[in-house]
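This is what each chain is made of:
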Amino acid sequence: MSRRRPAATTHRIGPDARLAIAAARFNDPIVSRLLSGAVDRLRELGVDDARVEVFRVPGAFELPLAAKLLIETGRFAGIICLGCVIRGETVHFDLVAGEAARGIQQVSLMTGVPVIFGVLTTENEAQARSRSGGRHGHAGRSAADAAVEMICLAQTLRAGR
């Protein structure tokens, strides 16, 4: 696994652009850390709290539908999906993680709205903690960076620049 993340950019989204964050309740202690990091990073990037709405869903498997429903409202320039799937002793991990990733990508491609995959897929809880503000960075903050960059790209291309 590569530990080299691309450097964060300094893009600024349009002043009226709104974001939604769909966050799973399953593995809540980890997901809450991801959520906190994403919201904090959005603030640092100039996106005030009034332009960010958070929606909680049962688990990672429900994130693609939540993203689709949020896009259908027409209120959001981008969606950040946050969750955490920790491997267990069954194939459930592979099914949930794979379908969440596929569904999130499919929604983004179908709608043309940036939908960011901020779902940790780890072998154990220690790895999840390490990737949600520990020694391996913060996936919530990285998801916020990706969302702002992709929203800016979409805005630029749609404006014909």
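Predicted, not measured: the structure shown is a model, and the values here were computed from it.

**Focus on the pattern of salt bridges**
Thought 1: Counted according to the given criterion, the structure contains 14 salt bridges.
Thought 2: As a salt-bridge pair, aspartate 40 and arginine 43 come within 2.8 Å of each other at their nearest N and O atoms. Of this pair, aspartate 40 and arginine 43 both sit in helix α1 (residues 28-44), separated by 3 residues, roughly a single helical turn.

**Section: a nonpolar patch on the surface**
Thought 1: Side chains of Met150, Leu153 and Leu157 sit close together on the surface and give an oily, nonpolar patch of about 280 Å² of accessible area.
Thought 2: Checked against the element boundaries, methionine 150 lands in helix α5 (residues 139-158).

**Brief notes about the packing of helix α2 (residues 63-72) against helix α3 (residues 92-111)**
Thought 1: It is at 8 Å that the axes of α2 and α3 come closest, and there the two elements cross at 20 degrees. The angle between α2 and α3 places the two elements in the roughly parallel class. Classified by chirality, the crossing of α3 by α2 is right-handed. Together, Leu63, Pro64, Ala67, Lys68 and Ile71 of α2 and Glu99, Ala100, Gly103, Ile104, Val107, Met110 and Thr111 of α3 make up the contact between the two elements.
Thought 2: Classifying every residue of the contact of α2 with α3 by side-chain character gives 8 nonpolar, 2 polar and 2 charged.

So, how was this worked out
- Residues numbered from 1 in each chain as written.
- Predicted model: local features only at pLDDT ≥ 70, side-chain atom pairs only at ≥ 80, totals over all residues.
- Heavy atoms only, no water.
- Salt bridge = Lys/Arg side-chain N within 4 Å of Asp/Glu carboxyl O.
- Helix = DSSP H or I, 4+ residues; strand = E, 2+ residues; numbered from the N terminus.
- Patch = residues over 30% accessible without salt bridge, like charges linked within 9 Å, V, L, I, M, F, W, Y side chains within 5 Å.
- Areas by Shrake-Rupley, 256 points an atom, 1.4 Å probe, with all protein chains shown as cover.
- Axes fitted to C-alpha atoms, helices over the stretch in contact; angles between N-to-C directions.
- Parallel < 35°, antiparallel > 145°, perpendicular 65-115°, else oblique.
- Left-handed = near helix turned anticlockwise from the far one by under 90°.
- Contact = heavy atoms within 4.5 Å.
- Nonpolar A, V, L, I, M, F, W, Y, C, P; charged D, E, K, R; others polar.

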